[in-house]
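What follows is the residue order along each chain.
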Amino acid sequence: MNPISDLIEKDPWRIVQKGFSDENNRKYESLLSIGNGHMGQRATFEEEYTGSTHSGSYMAGIYYPDKTRVGWWKNGYPEYFAKVINATNWIGISFKFNDEKLDLATAKVSDFERVLDMRTGILTRSFIAAMQNGVKVQVAAKRFCSMAEREVGVVEYECTVLDGEGDLQIEPFLDGDVLNEDSNYDMKFWEETKKHTGNNEAYLEMKTKKLDFYLGSAMKFYLYKNQKEMPFKGYEQLRKKYAGVVLKKSFEPGDVFKVEKLVANCTSRDYNTAEIEERCHDAIARAHS
């Protein structure tokens, strides 16, 4: 077990991870978390990762009275406790090159760096990944939770093709099928109430069990190829507690794809349930203007 001081580079204003580590990834996810008082986000990857990870998005004041794990009350714990629960994963963007997903658990990773700038609140990540099918890409990603529009989070994900050609699928998504690792009997705390997609947008609304907190998450995104905004036809990807949009493009060496994703997370702590979706769209419009 490495002490925390050994995990980061020495820097007065930045928390810096140099080099990829599956063993310590969950520690880095905690150390490099971002937030703005309305919502918090662990430093998990935007793309799919099948290694050691725990996706974590949290909304202020949204909690659940969960039962204490079996037997804990015998050691002095209460039978129930109020738990801040994992909420919809809003950062996700999946990349699939020739039917293989970009996944750092299966790719050969080099030049990995993840940095949280404490002055700006911006989390950045960069790496080179050689995939099993021969495709090689360089990625530069950044995200932040807005202080000006506290319900808005922004992701910019740029992927440069270094080697390989073929078909690319990009899928920005909202995923409400999340888990608290300390939940009793692995119970999930959210139920889906609404979802739909458009060409470059999606909306997912969830409700907690018992206390009926509502969380609406709306995303809007833009695709750029080689520094030019690209027209596209988005294909809806809907399943239980999930709303995504699939974009299809061809790729070859030298191509640079960039996705800009804006998400608003609004809750029933601040708005009437019937107006949550409208408030989400309003927040995104203000952030984009």
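Visitor: Residue-level account of the overall build of the chain, with values.
Guide: For the chain, the helix and strand inventory stands at 2 helices and 20 strands. Its C-alpha atoms give the chain a radius of gyration of 19 Å, within 12% of the compact-globule value 19 Å for 289 residues. If one aligns the C-alpha atoms of the chain with their principal axes, the spans along those axes are about 60 × 45 × 35 Å. Looking at the 289 residues of the chain, the share that counts as buried comes to 49%. Accessible area for the chain stands at about 13,600 Å²; split by element, carbon and sulfur atoms hold 47% of it. Within the chain, the 45 negative side-chain charges are centred at a point lying 3 Å from the centre of the 40 positive side-chain charges.

Visitor: I'd like a description of a nonpolar patch on the surface, backed by residues and values.
Guide: A contiguous nonpolar surface patch, about 250 Å² in accessible area, is contributed by Tyr63, Val84 and Leu211. On the secondary structure map, leucine 211 appears in the loop between β15 (201-208) and β16 (214-225).

Visitor: Report on the pairing of strand β20 (residues 256-267), specifying residues and quantitative values.
Guide: In terms of burial, β20 is largely enclosed, as 11 of its 12 residues are buried. Where strand β12 (residues 152-163) lies against β20, 9 bridges are found, and the strand directions are antiparallel. Looking at the pairing, valine 152 lines up with alanine 264 of β20. Here 11 bridges tie β16 to β20, and the two strands are oriented antiparallel to one another. Paired with glycine 216 across the strands is cysteine 266, a residue of β20.

Visitor: Would you mind going over the pattern of salt bridges in detail, with residue names and values included?
Guide: This model, assessed by the stated rule, comprises 20 salt bridges. A salt bridge links glutamate 113 to lysine 18; its shortest N-O distance comes to 2.5 Å. Pair noted here: glutamate 113 is in strand β9 (residues 108-117) and lysine 18 is in strand β1 (residues 14-18), with a separation of 95 residues, a long-range link. Ionic pairing is found between glutamate 260 and lysine 258, a salt bridge with its closest N-O pair at 3.6 Å. Residue glutamate 260 is classed as partly exposed on the basis of its relative accessible area, which comes to 23%.

Visitor: Before we move on, could you go through the sheet that holds strand β18 (residues 235-239) and cite the residues and values that matter?
Guide: Here we have 5 strands laid out as an open sheet, ordered β8-β7-β13-β19-β18, and antiparallel in their pairing. In this open sheet, the two edge strands, each paired with only one partner strand, are β8 (100-101) and β18. Taken together, the 5 bridges between strand β7 (residues 93-97) and strand β13 (residues 166-175) define a ladder with antiparallel strand orientation. Paired with serine 94 across the bridge in β13 is glutamate 171.

Visitor: Got a sec to walk through the sheet that holds strand β2 (residues 34-35)? Specific residues and values, please.
Guide: With antiparallel pairing, 3 strands are arranged side by side in an open sheet as β2-β3-β4. Among the strands making up the open sheet, the edge pair consists of β2 and β4 (57-59). Here 2 bridges tie β2 to strand β3 (residues 39-41), and the two strands are oriented antiparallel to one another. Paired with glycine 35 across the two strands is glycine 40, which belongs to β3.

Visitor: I'd like to hear about unusual backbone geometry, residue by residue, with values.
Guide: With a phi close to 50°, asparagine 98 is a non-glycine residue in the positive phi region. Here asparagine 98 shows up in the loop between β7 and β8. For asparagine 98, a relative accessible area of 33% translates into the label partly exposed. With a phi angle near 60°, lysine 241 is a residue other than glycine that sits in the positive phi range. With respect to the helices and strands, lysine 241 occurs in the loop between β18 and β19 (242-251).

Visitor: Provide a residue-level description of the side chain of glutamate 149, including the pertinent values.
Guide: Of note, glutamate 149 is situated in the loop between β11 (136-145) and β12. A polar contact is formed between the side chain of glutamate 149 and the side chain of arginine 286, at a distance of 3.0 Å. Leave out the neighbours within four places in its chain, and glutamate 149 touches Asn36 and Arg286.

Visitor: Now, about the packing of aromatic side chains: what can you tell me, with residues and values included?
Guide: For the structure shown, the criterion picks out 13 aromatic pairs. What links up through ring pairs into an aromatic cluster is the set Phe20, Phe45, Tyr49, Phe112 and Phe127. Its guanidinium or amino end placed over the ring of phenylalanine 173, lysine 261 lies 5.7 Å from that ring's centre, counting from NZ or CZ.

The rules we used
- Residues numbered from 1 in each chain as written.
- Predicted model: local features only at pLDDT ≥ 70, side-chain atom pairs only at ≥ 80, totals over all residues.
- Heavy atoms only, no water.
- Helix = DSSP H or I, 4+ residues; strand = E, 2+ residues; numbered from the N terminus.
- Rg over C-alpha atoms; globule rule 2.2 N^0.38 Å.
- Buried < 20%, exposed > 50% of the residue type's maximum accessible area, 1.4 Å probe, protein only.
- Areas by Shrake-Rupley, 256 points an atom, 1.4 Å probe, with all protein chains shown as cover.
- Lys, Arg positive; Asp, Glu negative; His and termini not counted.
- Charge placed at Lys NZ, Arg CZ, Asp CG, Glu CD.
- Patch = residues over 30% accessible without salt bridge, like charges linked within 9 Å, V, L, I, M, F, W, Y side chains within 5 Å.
- Salt bridge = Lys/Arg side-chain N within 4 Å of Asp/Glu carboxyl O.
- Pairing = 2+ DSSP bridges.
- Polar contact = N/O pair within 3.5 Å; in protein donor to acceptor, adjacent residues only side chain to side chain.
- Contact = heavy atoms within 4.5 Å.
- Phe/Tyr/Trp six-rings, centres within 6.5 Å; stacked < 30°, edge-to-face > 60°.
- Lys NZ or Arg CZ within 6 Å of the ring centre and 35° of its normal.

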